[in-house]
Amino acid sequence: MAEAADFPGMTPSPARRWLRRTGVLLAGVPLLAGLLQLPSATAQAAGQGGVKETSDAGTVAVAVDSLSPSAPTDGDTLTVSGTVTNNGRQAVTGAHVDLRVGDALATRSAIERAAKQADALPADDGVPVGGKYTARFAKLTPGVAQHFSISVPVDKLDLGKNGVYPLGVALSGQTSAQQWDQVLGVQRTFLPWQADEADTRTPTTVLWPLMSTVHMTAETGSNAQQTPVFLNEDLAKEIAPGGRLDQMLTLGKQLDVTWVIDPDLLASVDAMTGSYRIRGDGDTTTAGTQQAVAKQWLDELQTAVTGKEVVALPFADPDLASLAHNGTGVAGSLSQLKEATDVAATTVETVLHVTPDTDFAWPVEGAVDPSIVKVATSAGADKVIARSDSLAETGDLSYTPSAARPIGGGTTAVVADSLLSMMFEGDLTRASASTLAVQQFLAQSLELNLQTDKQRSIVVAPQRMPTASQARALAEAVTQLQGGTWSQPQQLAAAAKAKPDPAASTKVPSRSAYPASLRKRELPRSAFEETADTQDKLDNFKVILANEARVVTPFGRAINREMSTSWRGHGTAASAFRQSVRTYLDTLTGQVKLIDKSETKLSGRSATIPVTVQNNLVQGVGHLVLRLTSTNQTRLEISGEPYAEQQITVSGGHTTTVKFSTSAKVNGQTTVIAQLYTEDGQEYGAPVTFDVKVTEITATVMLVIGGGVLLLVLAGFRMYTQRKRAAAREAGEAEEAEEAEEADEDGSDEGDRPADDPQSPAGPQDRHSEESGASAGADDPEQPSDESQDTEAASADPSGTGERVDR
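The model shown is predicted, which means the values in this text are computed figures rather than measured ones.

Here we look at unusual backbone geometry
For the bond running from Ser68 to Pro69, omega is -5°, close enough to zero to count as cis. For Pro69, the position within the fold is in the loop between strand 1 (60-68) and strand 2 (77-86). Omega for the peptide link from Leu121 to Pro122 comes to 5°, which places this bond in the cis form. Phi is positive for Asp158, which is not a glycine, with a value near 55°. Tracing the backbone shows Asp158 in the loop between strand 5 (145-153) and strand 6 (163-174).

Some points on the pattern of salt bridges
For the coordinates displayed, the defined rule picks out 24 salt bridges. We note a salt bridge from Arg108 to Asp417, for which the minimum N-O separation is 2.9 Å. Here Arg108, found in helix 3 (residues 108-116), pairs with Asp417, found in the loop between strand 18 (412-416) and helix 11 (418-421); they are 309 residues apart in sequence, far enough to count as distant. The pair formed by Arg108 and Asp417 is uniform in burial state, with each residue classed as buried. With a closest N to O distance of 2.0 Å, Asp533 and Arg582 form a salt bridge. Of this pair, Asp533 sits in helix 16 (residues 525-542) while Arg582 sits in helix 18 (residues 571-589), and the two are 49 residues apart along the sequence. Arg582 sits in the partly exposed class, given a relative accessible area of 21%. Among the charged side chains, a network of salt bridges with common partners joins Asp533, Lys537, Arg582 and Asp586.

Looking at the sheet that holds strand 13 (residues 285-287)
Two strands in a sheet stick together by hydrogen bonds in their backbones, pointing the same way (parallel) or opposite ways (antiparallel). Strand order in this open sheet of 4 strands is 9-10-12-13, and the pairing throughout is mixed. Either end of the sheet is taken by a strand with one partner, and the two such strands are strand 9 (216-220) and strand 13. When strand polarity is set aside, the average angle formed by the axes of neighbouring strands in this sheet is 35°. Pairing geometry for strand 9 and strand 10 (residues 228-230), over 2 bridges, is antiparallel.

Notes on the nonpolar core
Phe541, Phe555, Leu626 and Leu628 are the most contacted members of the largest nonpolar core, which has 75 residues in total. For this core, the element with the highest residue contribution is helix 18, accounting for 6 residues. Core analysis: the second largest hydrophobic core is formed by 67 residues, Ile111, Val257, Leu298 and Ala312 among them.

Considering the pairing of strand 8 (residues 202-210)
Among the 9 residues of strand 8, 9 are classified as buried, and the element is accordingly described as predominantly covered. Because side chains alternate across strand 8, one face comprises the buried residues Thr202, Thr204, Val206, Trp208 and Leu210, and the other comprises Pro203, Thr205, Leu207 and Pro209, equally buried. Pairing of strand 8 with strand 20 (residues 487-489), which is carried by 3 bridges, proceeds in the parallel orientation. Residue Thr204 lies in a different strand from strand 20, and its bridge partner there is Pro489.

Regarding helix 17 (residues 549-561)
A turn of α-helix holds 3.6 residues, and therefore any two residues three or four places apart point the same way. With 13 residues, helix 17 extends 18 Å from end C-alpha to end C-alpha; this agrees with the ideal 18 Å at 1.5 Å per step. Judged by how many residues are buried, helix 17 sits mostly within the fold: 10 of 13 residues are covered.

Comments concerning the packing of helix 6 (residues 263-272) against helix 7 (residues 291-305)
For the pair helix 6 and helix 7, interaxial distance at closest approach is 7 Å and the crossing angle is 135°. Accordingly, the angle class assigned to the pair helix 6 and helix 7 is oblique. Here helix 6 and helix 7 pass one another in a crossing that is left-handed. From helix 6, Leu265, Leu266, Val269, Asp270 and Met272 reach across to helix 7, where they touch Gln291, Ala294, Trp297, Leu298 and Leu301. Among the residues making up the contact of helix 6 with helix 7, the classes are represented as 8 nonpolar, 1 polar and 1 charged.

Remarks on the confidence of the model for the chain
Model confidence for the chain is summarised by a mean pLDDT of 84, while 81% of its residues fall at 70 or above. A low-confidence stretch, residues 1-56 stays under pLDDT 50, and its non-local contacts, those more than four residues away or across chains, total 55 contacts. Scored below 50 in pLDDT, residues 747-807 shows 46 contacts in the model against residues more than four places distant or in partner chains.

Quick word on the sheet that holds strand 29 (residues 683-694)
One open sheet accounts for 5 strands, arranged 22-29-28-24-26; its pairing is mixed. Of all strands in the sheet, those bounded by a partner on one side alone are strand 22 (600-602) and strand 26 (643-650). With strand direction ignored, the average angle separating the axes of adjacent strands in the sheet is 30°. As defined by bridge partners, strand 24 (residues 621-630) adjoins strand 26 across 7 bridges and the pair is classed as antiparallel. Directly across from Val625, in strand 26, lies its bridge partner Gln647.

Some details on the packing of helix 16 against helix 17
Where helix 16 meets helix 17, the axes come as close as 11 Å, and the angle between the chain directions of the two elements is 175°. The orientation of helix 16 relative to helix 17 falls into the category roughly antiparallel. Packed against helix 16, whose contacting residues are Thr531, Thr534, Gln535, Leu538, Phe541 and Lys542, the element helix 17 presents Val551, Val552, Phe555, Gly556 and Ile559 at the interface. Broken down by class, the residue content of the contact of helix 16 with helix 17 amounts to 6 nonpolar, 4 polar and 1 charged.

Observations concerning the pairing of strand 7 (residues 182-193)
Among the 12 residues that make up strand 7, 11 are buried, leaving the element largely enclosed by the rest of the structure. With 11 bridges connecting them, strand 6 and strand 7 associate as antiparallel partners. Paired with Gly168 across the bridge in strand 7 is Arg188.

Notes on the side chain of Ser212
Relative to the assigned elements, Ser212 resides in the loop between strand 8 and strand 9. Among the polar contacts listed, one links the side chain of Ser212 to the side chain of His215, at a separation of 2.8 Å. Of the polar contacts made by the side chain of Ser212, one reaches the side chain of Glu238; its length is 2.6 Å. The residues contacting Ser212, other than those within four sequence positions of it, are Leu235, Glu238, Arg244, Leu245, Leu265, Met465 and Ser566.

Considerations on helix 3
Those residues of helix 3 that fall on the buried side of the exposure criterion are Arg108, Ser109, Ala110 and Ile111. Residues of helix 3 that are buried make contact with strand 6, strand 7, helix 11 and helix 12 (431-450).

What to know about the packing of aromatic side chains
Enumeration according to the criterion identifies 5 aromatic pairs in this entry. With a centroid separation of 5.3 Å and 65° between ring planes, the pair formed by Phe230 and Tyr276 is classed as edge-to-face. You can see Phe230 sitting in strand 10 and its partner Tyr276 sitting in the loop between helix 6 and strand 12 (277-279), a full 46 residues away along the chain. Side by side, Phe230 and Tyr276 carry an identical accessibility label, which is buried.

Cut-offs used in this document
- Residues numbered from 1 in each chain as written.
- Predicted model: local features only at pLDDT ≥ 70, side-chain atom pairs only at ≥ 80, totals over all residues.
- Heavy atoms only, no water.
- Helix = DSSP H or I, 4+ residues; strand = E, 2+ residues; numbered from the N terminus.
- Salt bridge = Lys/Arg side-chain N within 4 Å of Asp/Glu carboxyl O.
- Buried < 20%, exposed > 50% of the residue type's maximum accessible area, 1.4 Å probe, protein only.
- Pairing = 2+ DSSP bridges.
- Axes fitted to C-alpha atoms, helices over the stretch in contact; angles between N-to-C directions.
- Core = buried A, V, L, I, M, F, W, Y, C linked by side-chain atoms within 4.5 Å.
- Expected span 1.5 Å × (residues − 1).
- Parallel < 35°, antiparallel > 145°, perpendicular 65-115°, else oblique.
- Left-handed = near helix turned anticlockwise from the far one by under 90°.
- Contact = heavy atoms within 4.5 Å.
- Nonpolar A, V, L, I, M, F, W, Y, C, P; charged D, E, K, R; others polar.
- pLDDT = per-residue confidence, 0-100.
- Polar contact = N/O pair within 3.5 Å; in protein donor to acceptor, adjacent residues only side chain to side chain.
- Phe/Tyr/Trp six-rings, centres within 6.5 Å; stacked < 30°, edge-to-face > 60°.

In C-alpha cells form, the structure reads like this:
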C-alpha cells in the first residue's frame with residue numbers, strides 16, 4: 001500500500017523539542033551523581049546487569065485494558081486503566097506508572113512498525129507527564145497483578161497539531177539487585193488527535209458479515225413438512241443469547257454498516273423455527289428444541305436490517321478461488337455457482353423481507369487473480385471485493401487511493417484496505433489486546449485521512465466469521481470512528497460507484513502471485529468431481545418423481561453447501577459431508593427398484609413372465625420404462641423381439657407387477673435381464689437377472705399320444721361288438737332246435753328234412769341275423785393296422801395370459 005509522505009507540522013516544534021531534551025537531562029543528573037560515587041567495578045557490574053534486564057522486554061508486564069476516550073478532543077480528560085504484573089523473581093519497590101507521549105507519527109507504515117514494538121524496551125517515548133498523573137505502588141510482589149488508573153486532562157499531554165501520537169504506559173521501580181529507578185515494563189498504544197472537525201472527512205464503508213459454517217444435511221423427514229435434519233446443535237448455540245451470532249446481531253444493529261449475509265444462514269435458522277431434528281450416532285436423530293431462540297433471532301435481524309444496505313452472497317458462500325483453480329475443468333461446476341447466485345435473492349427476500357444487492361462477489365481474504373475474477377463474475381456479479389494486499393499499488397502514490405478500481409470487462413474491483421480490515425484478527429479475548437486493536441485501527445484511519453485533501457472512499461472488509469471478542473472490538477472501533485471528526489459512514493454500493501483514482505493500480509495480479517498459504521487450503525478437484533457425480537445422479541432421479549421439488553430443493557441446497565468457503569482447512573469434514581449427501585441420495589433412489597426373481601420354468605410353447613417394481617418412497621414415480629431382454633432369442637423370444645418394454649407408474653408405498661409374453665422355440669435354459677430406464681434412456685437402478693428354463697411338449701409327441709389312445713378305444717369297441725354277435729348266434733341256434741323238436745312231434749312233411757340241408761330256404765330269423773351281422777360289420781372301427789386318416793394341425797397360437805408360470 002502506498003504510504004503518506006511526511007507532512008509539515010506533523011513533528012513537534014523546536015521549542016517543544018528543546019524543553020523535552022532539557023527535562024530528560026535534568027532528570028538524569030541525580031542518577032549520574034549516584035553512579036559516580038560507586039566504585040568502578042560495582043558500576044561496571046551494575047551497567048551489565050542493566051543491559052541484561054533491559055533486553056528482556058520488561059520484567060513487569062503492563063496491560064492497558066481501557067483508554068477513554070479513544071480519540072480525545074479539546075477539553076477531554078484521558079483515562080488510562082490497566083494492570084501491572086511482576087513477572088520477575090524479585091519484588092519491585094518504589095514502583096510507579098506514568099504516561100509518555102512521543103513525537104507524532106508521520107506515515108501509516110510508521111504506525112505499523114510501532115505496533116510491532118508495543119512492549120519493547122527501552123521506553124524512549126518521551127518525557128513522563130509525571131506529577132499527580134502517576135499511579136504508585138509500594139511493592140509489586142512476583143506473580144501478582146495490580147490494577148492502576150490514571151486520568152489526565154488532554155491539555156497536560158502537550159499535544160501538537162492533529163495527528164497520531166504514540167502513548168507509552170511505563171512502569172518504573174527498583175529491585176534489591178538494582179537499587180535505582182528504571183523502566184521495568186512498558187505498553188505502547190496510539191492516541192489519535194483531531195482537535196477539531198476535519199475539513200475533509202473520509203467516507204468509510206464497514207462490512208458486517210453474518211455467516212456461519214454448514215449446519216443442515218440433505219436429509220428431510222417423509223412427512224408433508226419435510227422435517228429438516230441438522231448435523232448438530234452448534235447453530236442454536238451461536239444464535240442463543242450470548243452466542244457469537246447473537247452478539248454480531250446486537251452489535252451490528254447499533255452501527256451504520258453494510259450487512260453481508262450468507263443466505264444459507266438465513267435458510268438454516270428459518271428451518272429451526274419449525275420442527276427439526278439433530279443427527280445422532282448412526283441413523284438415529286433427536287428432536288430439536290430451539291424454535292423460540294431461532295424465531296427471536298430472525299425477528300431481531302429483520303428489524304436490524306430494515307432500511308439498511310444488505311448484500312447477499314451466493315447461497316452457502318461458495319469458495320470462488322477453489323472453483324477457479326480446481327473446479328472449472330469439471331463439468332457443471334459453474335452451473336452450481338449460477339444456481340447458488342439465483343437462489344440467494346429469493347432466500348433473503350423470503351426470510352428478511354428486504355431486497356438484497358447480489359452484484360458483489362467476495363473471494364477469500366480478498367485475494368484475486370484473473371481466473372478468480374472470471375469465475376466471480378460468471379454468475380452475474382460485476383463487482384469483486386478485493387483487498388489492497390492482493391491488488392496492490394505499483395506506482396509511487398503518497399496516499400491510499402479510493403476503493404473502486406475498473407479492472408476491465410465492465411468489472412469493478414472494490415479494494416478494501418488491508419491494514420484496517422486485518423486489524424481484528426487473532427486472540428482478542430484479553431481487554432488489553434482488544435484496546436490496542438481499537439487504538440491502532442483509529443490511528444490508521446486518522447493517518448489515512450491526513451494524507452491528502454482529496455476525499456477518498458475507503459472499505460473495511462474484516463474476516464468472514466469473527467469471534468465474539470473480535471466482533472466486539474470491531475464494533476467498538478466502528479462506534480468511535482463514526483462518532484469521530486474525520487470519517488463518515490458510506491454504503492458499499494456508493495463506494496463501488498465512486499469516481500476511481502486515475503493514478504491507482506488496476507492490474508490484477510497473475511495466478512502465480514496467489515498466496516501459497518491460501519492455495520493449500522483450497523477444495524481439491526476431487527471435491528468438485530464428487531459434487532458433479534451427485535448432481536448427475538440427482539438429475540437422473542428427479543425425472544421419475546411425481547413431486548420433484550421434495551427432493552430437488554433439499555439436495556440442491558446441500559450440493560451448494562459442498563462448495564462452501566467454510567470448508568477451507570477442514571478437508572476431512574468436507575469429504576464426510578459430501579459422502580453423506582451422496583449416500584442419502586443413493587438410499588432414496590434405491591427405494592424404487594425391481595424385486596429379485598428366482599429361476600422361472602415355462603411348461604409350454606408360450607407363457608407370460610411377471611416382473612415386479614417396488615416403490616418405497618412416499619410419493620409416486622413414473623416416466624420409467626421396464627425392459628425385459630432375452631440373452632438367447634433363438635431359444636426364447638419376448639414379444640417376438642430380443643426385448644420388450646413397458647411404461648411403469650407406481651404410487652408411493654406400493655408395488656406393481658407387469659407381464660411380458662414369451663415364446664419358446666427350443667427346450668433349455670435362457671438368462672433374462674430386467675432393467676429399469678428413465679424415459680431419456682438412462683439406466684435406473686441395478687438390473688435383475690434370472691434364468692428361464694423351457695420344458696416344452698411338442699405337437700408330434702401330442703399326435704403320437706393321441707393316436708395310441710384312439711387305438712385303445714377302437715379295440716375295446718370291437719371286443720364289445722364281437723361279444724354281442726356271439727351271444728346273438730347262441731340264442732338263434734337254441735330257437736331253431738326248439739322248432740325242430742316241435743315239428744317232429746307234429747309229423748309234418750317238412751320235418752323229414754335235415755335241419756342243415758343246404759337247400760332249405762333260410763327262415764325269417766336267419767335273415768334278420770344276417771342283416772344284423774352285415775350292419776354290424778359295416779360299423780366296425782378301423783384296426784390299428786389300418787391306414788390312419790389326416791388330422792388338423794394343433795393350434796400354434798400362444799396360450800392365454802392366465803397360463804401358470806412355475807417359479
